[in-house]
Amino acid sequence: MSFSVPCVIPLYSLPKATRSKWTKIPTHAIVCCVFFALLNFAVRAQAQVTAPPASGIADPGLDKRVESILQQMTIEEKVGQLVQYSAGQPTGPGTGRTDYADMIARGQIGSLFNVIDPHEINKYQKIAMEKARLHIPIVFGLDVIHGFKTEFPIPLGLASTWDPSLVERASRVAAMEASADGIRWTFSPMVDIARDARWGRMAEGAGEDPFLGSAMAAAYVRGYQGSRLDAPDSIAACAKHYVGYGAAEGGRDYNSTEISEHTLRQYYLPPFHAAVEAGTASLMSAFNSLNGVPSTANPFTLKQILRNEWGFRGLVVSDWNAVGELIPHGIAADGATAARKAFLAGVDMDMVSSLYHDHLQQIVNSGQATPAELDDAVRHVLRVKLALGLFEHPFVDEAGVTKAFYHPENIALAQSAAERSFVLLRNENGPGGKPVLPLATGAENIAVIGPLGEDSSYPNGVPQGSGPRVSLMAALSQRVGKGHVFRFKGSGVLDGSDDDLVAAVEGAQKADIAILALGETPEMSGEAASRAYLGLPGRQQQLLEAIVKTGKPVVLILFSGRPLTVPWAFEHVPAVIAAWLPGIAGGPALARTLFGEANPSGKLVVSWPRTVGQEPLYYNHLNTGRPAGNTDLTRPPNDITERYLSRYIDEENTPQFPFGYGGSYTSFRYGGTRISTQHLSAAALNGGLAPAGGGAATMIAEADVTNTGSRAGEEVVQLYIQLDGTSVAEPVRALKGFKTVSIAPGETKKVAFELKPEAFAIWNARNEFSVEAAKLKVWISPDSARGTPAEAEILP
Ligand code: BGC
């Protein structure tokens, strides 16, 4: 076990006002060292990350250069490095300046974002490099979320592939395209754990699980930053929104969060730690308050955990005007106080509020912050700029920009990512007694119905993407010939007319099969897109029911940034695919999937609710003292044996589809889970020696998976554990491994996982990561709800 993180927590350096129960530290230094070391090994390994490249922000070779620049800087220039503005769209609170050029010339700006025109970028950069006294380059940022030009599926869709290497390749493409345009910093990945489908930003992340989320977080960072951060085609990553943003109460964006330290450490922090371990150059502090302390002014998370425990050396930027928002949050009476609180808590760069520009010099000059604290923040910014190689290569080659966009192999990658992101939710028998999907390759007449069948904007919300998108309608017409595909809008997304509905019904009656493209527009998920109702918006449900009533076979394709509650569909529509927002090649990917050239293998990364009233809904919940299990709703709730349980009286507890669920055109059978030992040793797992009672320090779990169908398929095999008898209640199941295997028809593959100590470590009642004695269950299963566990014990 290595002690690679500093274990001294300088509590005394935190402002008094912020010393809440959050900032209490263990009194024994040794305990402290052990638990940080444990935490370090636990979460790093859990995230399956490899060591960050030596050329990144951790490169010790940067230190000398940072110090030499720092020495030459005036206080005004130092503050300037901590100031960021949005020089393009959108404008909003904190924006609206027009004097960026003058400010850059005076060394008053460190970063600009939302400037997409490479000519503009060079124009500003020329001022920084030629007019400003110290020639410190500007770093240009942008929200490059799921591709820059070549749009990939939204992150929720990408995560549904359960394939970190694919995510890494997708973000590499994004980095190559964005960097060619002059963008060297993306505000991505969003690694917030999302347990509530009302929260629209669920679309931007990897779902509800910290293990999967950590693997994805690291994959994005590796992809963006490449093997060398200073390569011209690498961009700095920014893990956001630190931290707890996804736990917004009621699923309402920007709302407050209350998260216990146990839950924070075990669920919300691991993906951030994985991003840090993978070498992310930056983090973004979130909008939300966390247990009463706004995340943009929280020294416990920004200093104690991020810097002292994790040893992060990159830069922390606030979210949009989040420094200014400390005023409405109610912890700052004015801009100067807001700037002081954010700065002292550990926010290095102020995104758009201008409050650092307005007040930070005075804050330092008056002794409210020390010059050393200012230098530290500037160091973080300079490190990133130096690590990016911006001093050597500040300009973008304007002539070469578009050459980087829309390479056919990148569009092909986006298409395969889309195919692998689709989750087959249902595929029942149609009139011929066979599953409706895949469609027969004959010359059927297809009616493409619904508002999203042809909408070229469905794939994304990326403002700069304008490439060759192909809609579902266009792709199907290409596939089966124009004369066989007929288009009926049926309704709008939010509105509709009787005439459109009638025309669609008539169209379906004449066709052999109806493909319904329903769901949400891209604007209905993402930021500021919380929903209180999760059903199909507008008249789409009415349209769906009317088409199903025709008796024609129906395939429903749901486009959305979250699961939608459409229980009627899951009872009456034979085939349903969750297509998320599938990106530039979504149309062809769907056509290939419908006709079986691509076999769905995506699995849900969020629990799919039956009704909005179940939210927040997540598989890794606690058992409670009165577990209801899968409540039998046919037994009346006024039956006393059924009533006083943790249940709803009017709905099942279980989701419509559990986390990890996803179908295929073939079928898989799982053999039982076999484990290499029935006895593990907590002492040995914690790095010590097994006591006399014995017990192993590692476990191999394996299962045979057989393809029992008639076509080849890929299966995402998942491993879950449950710990019982620990000092803190642990979830009913926790994901600790996953592997994708390709299996030929009739073939059986053995899938094995090695469970290392970190799989069993929990944030315990003494506020430390360790392995405790417990009863252990291990499942290797197709999702989070099925399978029979193997049982073992962790001895003390
Ligand atoms: C969002 C961030 C984003 C930033 C800059 C904010 O409103 O919360 O995720 O990076 O804007 O566009």
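On a predicted model such as this, the values are computed, not experimentally measured, just so you know.

Chemist: In this structure, what is going on with the site of the ligand? I would like to understand it.
Modeler: In the vicinity of the ligand, the residues found are Phe113, Asp143, Phe187, Arg201, Lys240, His241, Met284, Phe287, Asp319, Trp320, Met351 and Glu527. Residue Asp143 places a side-chain N or O atom 2.4 Å away from an oxygen atom belonging to the ligand. Here an oxygen atom of the ligand sits 2.6 Å away from a polar atom, N or O, in the side chain of His241. Compared with its free state, where it exposes 310 Å², the ligand has 91% of that area covered by protein. Classifying every residue of the shell around the ligand by side-chain character gives six nonpolar, one polar and five charged.

Chemist: What should I look at first to understand the sheet that holds strand E16 (residues 575-578) in this one?
Modeler: Picture the strands of a sheet paired through backbone hydrogen bonds; they go either parallel or antiparallel. The six strands are arranged E11-E16-E15-E14-E12-E13 in an open sheet whose pairing can be described as mixed. Only two strands of the sheet have a single neighbouring strand rather than two, namely strand E11 (423-427) and strand E13 (485-488). Neighbour-to-neighbour, the strand axes of this sheet turn through a mean angle of 20°, independent of strand direction. Where strand E12 (residues 446-449) meets E13, four bridges bridge the pair, whose relative direction is parallel. Across the sheet, Ile449 pairs through a bridge with Phe488, a residue of E13. Across the face of the sheet, helix H21 (residues 586-594) comes into contact with strand E14 (513-519), strand E15 (554-559) and E16 while running at roughly 150° to E15.

Chemist: Explain the packing of aromatic side chains to me, please; I cannot follow it from the model alone.
Modeler: Aromatic rings considered in pairs are described by the distance between their centres and by the relative angle of their planes. Taken as a whole and assessed by the stated rule, the structure comprises 24 aromatic pairs. Their ring planes at 90° and their centres at 5.9 Å tell us that Phe211 and Phe738 sit as a pair that is edge-to-face. Taken together, the residues Phe211 in helix H8 (residues 210-225) and Phe738 in strand E22 (residues 734-743) connect sequence positions 527 residues apart. Classification of Phe211 as buried rests on a relative accessible area of 5%. Each ring, one from Phe570 and one from Trp608, has its centre 5.9 Å from the other, and the planes form 85°; the classification is edge-to-face. Of this pair, Phe570 sits in helix H20 (residues 567-572) while Trp608 is found in the loop between H21 and helix H22 (640-643), placing the two residues 38 residues apart along the sequence. Given a relative accessible area of 7%, Phe570 falls into the buried group. Directly above the aromatic system of Tyr267 lies the positively charged group of Arg195, at a separation of 4.8 Å from the ring centroid.

Chemist: Got a minute to help me understand unusual backbone geometry in this structure?
Modeler: Note: most peptide bonds trans; most residues except glycine with negative phi. For the bond running from Ser188 to Pro189, omega is 10°, close enough to zero to count as cis. Relative to the helices and strands, Pro189 is located in the loop between strand E4 (185-186) and H8. For the bond from Tyr242 to Val243, the omega torsion is 0°, close enough to zero to count as cis. Along the chain, Val243 turns up in the loop between strand E5 (238-242) and helix H9 (261-268). If you check the backbone angles, Tyr254 has positive phi at about 70° while not being a glycine.

Chemist: Please clarify how the nonpolar core should be interpreted in this entry.
Modeler: In a soluble, globular protein the nonpolar side chains are often hidden away together inside. In this structure, Leu112, Tyr242, Tyr356, Leu437, Ile547, Val555 and Leu594 are the most contacted members of the largest nonpolar core, which totals 218 residues. When residues in this core are grouped by element, the largest group, 10 residues, is from H8. Apart from residues lying up to four places away in sequence, Val555 is in contact with Val436, Leu437, Leu439, Ile513, Ala514, Ile515, Leu516, Ala575 and Leu594. Judged by nonpolar contacts, the second largest core, of 33 residues, contains Leu685, Met699, Val705 and Val741.

Chemist: Would you mind going over the sheet that holds strand E10 (residues 350-351) with me for this structure?
Modeler: What the five strands build is an open sheet, ordered E4-E3-E2-E1-E10; its pairing is parallel. Each edge of the sheet is formed by a strand with only one pairing partner; in this case those strands are E4 and E10. Pairing geometry for strand E2 (residues 111-113) and strand E3 (residues 139-142), over three bridges, is parallel. Bridging across to E3, Phe113 finds its partner in Gly141.

Chemist: Can you help me understand the pairing of E12 in this one?
Modeler: Regular strands show a simple pattern: their side chains alternate between the two faces of the sheet. By the alternation rule, side chains of E12 split into Ile446 and Val448 and Ala447 and Ile449, which are all buried. Relative to E14, E12 runs parallel, the two being bridged by four bridges. Across the sheet, the residue bridging to Ala447 is Ala514, located in E14.

Chemist: Just to check I follow, could you spell out the confidence of the model for the chain for this structure?
Modeler: When pLDDT drops low, the exact placement of atoms in the prediction is not to be read closely. Looking at the chain as a whole, the pLDDT averages 90, with 89% of positions reaching at least 70. Low confidence marks residues 1-50, where pLDDT is under 50. Its contacts with residues over four positions away, or in another chain, come to 93 contacts.

Chemist: Would you explain the pattern of salt bridges in this entry?
Modeler: A side chain of one charge can pair with a side chain of the opposite charge when the charged atoms of the two come close. Inspection of the entire model under this criterion finds 35 salt bridges. Linking Arg265 and Glu261 is a salt bridge whose minimum nitrogen-to-oxygen distance equals 3.1 Å. Taken together, the positions of Arg265 and Glu261, both in helix H9 and four residues apart, correspond to about one turn of that helix. The pair formed by Arg265 and Glu261 is uniform in burial state, with each residue classed as buried. The partner of Arg307 in a salt bridge is Asp348, with the nearest N and O atoms 2.9 Å apart. Of the two residues, Arg307 is situated in helix H11 (residues 299-309) and Asp348 in the loop between helix H13 (335-345) and E10; the sequence distance between them amounts to 41 residues. For Asp348, a relative accessible area of 4% puts it in the buried group. The network of salt bridges with common partners includes Arg674, Glu702, Asp704 and Lys750.

So, how was this worked out
- Residues numbered from 1 in each chain as written.
- Predicted model: local features only at pLDDT ≥ 70, side-chain atom pairs only at ≥ 80, totals over all residues.
- Heavy atoms only, no water.
- Near = heavy atom within 4 Å.
- Polar contact = N/O pair within 3.5 Å; in protein donor to acceptor, adjacent residues only side chain to side chain.
- Areas by Shrake-Rupley, 256 points an atom, 1.4 Å probe, with all protein chains shown as cover.
- Nonpolar A, V, L, I, M, F, W, Y, C, P; charged D, E, K, R; others polar.
- Pairing = 2+ DSSP bridges.
- Helix = DSSP H or I, 4+ residues; strand = E, 2+ residues; numbered from the N terminus.
- Axes fitted to C-alpha atoms, helices over the stretch in contact; angles between N-to-C directions.
- Contact = heavy atoms within 4.5 Å.
- Phe/Tyr/Trp six-rings, centres within 6.5 Å; stacked < 30°, edge-to-face > 60°.
- Buried < 20%, exposed > 50% of the residue type's maximum accessible area, 1.4 Å probe, protein only.
- Lys NZ or Arg CZ within 6 Å of the ring centre and 35° of its normal.
- Core = buried A, V, L, I, M, F, W, Y, C linked by side-chain atoms within 4.5 Å.
- pLDDT = per-residue confidence, 0-100.
- Salt bridge = Lys/Arg side-chain N within 4 Å of Asp/Glu carboxyl O.

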